[in-house]
Amino acid sequence: MNSSENPSSDPESKEVLINGVPQDWREAWPISELLLEMGANGPGVAVERNGEVVRKAKYETTFLFPGDKIEVLRLVGGG
Amino acid sequence: MENLIPPEVPFELGPHRFQSRLFLGTGKYASYAEMRDALALSGTECVTVAVRRIPEGEAQGEQFLDFIDRERYTLLPNTAGCFDAELAIRTARLSREMLDTDLVKLEVLGDKKTLLPDPQATLYATEALVNDGFTVLVYTSDDVIQAQRLESAGATAVMPAGSPIGSGQGILNPLNISLILETLNVPVIVDAGVGTASDVAIAMELGAEGVLLNTGVASAKEPLRMARAMKAACEAGRDAWLSGRIPKKRYAMASSPEPGVLGTPV
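None of the values given here were measured: they were computed from a predicted structure.

S.K.: Would you take a moment to explain the packing of helix α2 (residues 85–99) of chain B against helix α3 (residues 119–131) of chain B for this structure?
M.R.: Residues and elements named next belong to chain B. Taken N-terminus to C-terminus, the directions of α2 and α3 make an angle of 35°; their axes are 9 Å apart at the nearest point. In the crossing of α2 with α3, the sense of the turn from one axis to the other is right-handed. When α2 is examined against α3, the residues Ala85, Ala88, Ile89 and Ala92 are found in contact with a partner set consisting of Ala121, Tyr124, Ala125, Ala128 and Leu129. Along the lines of polarity and charge, the residues of the contact of α2 with α3 split into 9 nonpolar, no polar and no charged.

Shown next as structure tokens:
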């Protein structure tokens, strides 16, 4: 498991927020699995957990906690 | 004959080197294919991209990045759409993770209608990202003192707007742009407001190190032809600047010799 300290998450909640949308939390749910479920496991994707970037190398060992705020982003056209 | 003109030095931005001084955005094209072709015709070597949330249930269709040749173009992620420093900093860090790049085009906006930058928040975010090891190219207004502050904060390039983003109004205050160019030591890239090719030429003739544009090409009736026009304008403006233009004079000065005109007394 990743570090158990998780100051920004809400321990009362049984949900996680994925890109602002609430989802039911479940146990043993790593970032890598979330990305697979979202079809976002390709290159050019980055993940934030409670305001901090999760390094690619840590996707499999970073597990979602209840109350986590996860952001999954990718590149789009822009100026 | 080309070899009679001293060759142009590459444009350096931190550790990055470019032959082309045109920077193109990748937004607003009718299709990814059109974007790809416009980028190629513009001769650009550095293109901006934006960072956005992956929409829920997005279909796996054509992938934006598949249409950008990473061997040919350096990707310059922006923080467009961020209205506070903290969001812009987070966006920059995410883009660094996505692209493994130190480059960021920092935008911290102050107002939705004008998309003018928030000067204080921009300065704060510049300092924070420079301290975090980023090569910061920072979008700003044409305010001369703010441009100096951003240079002092460690920006690698300062990017004053010619006019509001996407407005196509060109270079509204050439005096301010030239004052910025005169006082800054870091490269100045005119960003935003380009409507047509002459706007690029004017910016380059003022001595700008480069020009960044998006809407002027992407929303033209014929984006591919406009991309080619922008390339020519950028090269023409740069050559004109390096050539050293003649001073403007009040009265005419004949180009042909006066003596020997038919009918004049000998």
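S.K.: Teacher, can you tell me more about unusual backbone geometry here?
M.R.: Leave glycine aside and you will find that most residues have negative phi; peptide bonds, for their part, are mostly trans. Residue asparagine 19 of chain A is not a glycine yet carries a positive backbone phi of 50°. Looking at the element boundaries, asparagine 19 of chain A is found in the loop between β1 (15–18) and β2 (21–24). Taking the number of C-beta atoms within 10 Å as the measure of exposure, asparagine 19 of chain A has 17 and is therefore partly exposed. With a phi angle near 70°, lysine 28 of chain B is a residue other than glycine that sits in the positive phi range. With respect to the secondary-structure elements, lysine 28 of chain B resides in the loop between β3 (22–25) and α1 (32–42). Taking the number of C-beta atoms within 10 Å as the measure of exposure, lysine 28 of chain B has 16 and is therefore partly exposed.

S.K.: Which parts of the structure should I look at to understand the pairing of strand β7 (residues 135–140) of chain B?
M.R.: Walk down a regular strand and you will see the side chains alternate between the two sheet faces. Residue and element names in this part refer to chain B. The element β7 is largely enclosed, with a buried count of 5 among its 6 residues. Here strand β6 (residues 103–106) pairs with β7 via 4 bridges, running parallel. Looking at β7, one finds that leucine 106 is bridged to valine 138. Following the backbone out of β6, through α3 and into the adjacent parallel β7, one traces a crossover that is right-handed. The pairing of β7 with strand β8 (residues 157–160) spans 4 bridges and is parallel. Bridge pairing in β8 places valine 138 opposite valine 158.

S.K.: Even after reading the chapter, I still don't get α1 of chain B, so can you show me in this structure?
M.R.: One full turn of an α-helix is made of 3.6 residues, so residues set three or four places apart face in the same direction. Listed as buried for α1 of chain B are Met35, Ala38, Leu39 and Ser42 of chain B. Taken down its axis, α1 of chain B places every buried residue within 100° of arc, on the same side. Looking at the packing, one finds that the buried side of α1 of chain B touches β5 (69–77) of chain A together with β3, β4 (46–53), α7 (215–218) and α8 (223–243) of chain B. Positive phi appears at glycine 43 of chain B, one or two residues downstream of α1 of chain B, with a value of about 75°.

Criteria and cut-off values
Residues numbered from 1 in each chain as written. Chains lettered and ligands numbered in written order. Predicted model: local features only at pLDDT ≥ 70, side-chain atom pairs only at ≥ 80, totals over all residues. Axes fitted to C-alpha atoms, helices over the stretch in contact; angles between N-to-C directions. Helix = DSSP H or I, 4+ residues; strand = E, 2+ residues; numbered from the N terminus. Left-handed = near helix turned anticlockwise from the far one by under 90°. Contact = placed C-beta atoms within 7 Å. Nonpolar A, V, L, I, M, F, W, Y, C, P; charged D, E, K, R; others polar. Buried ≥ 20, exposed ≤ 12 C-beta atoms within 10 Å, placed from the backbone. Pairing = 2+ DSSP bridges. Right-handed = clockwise from strand over helix to strand, strands pointing away. Arc of directions from axis to C-beta.

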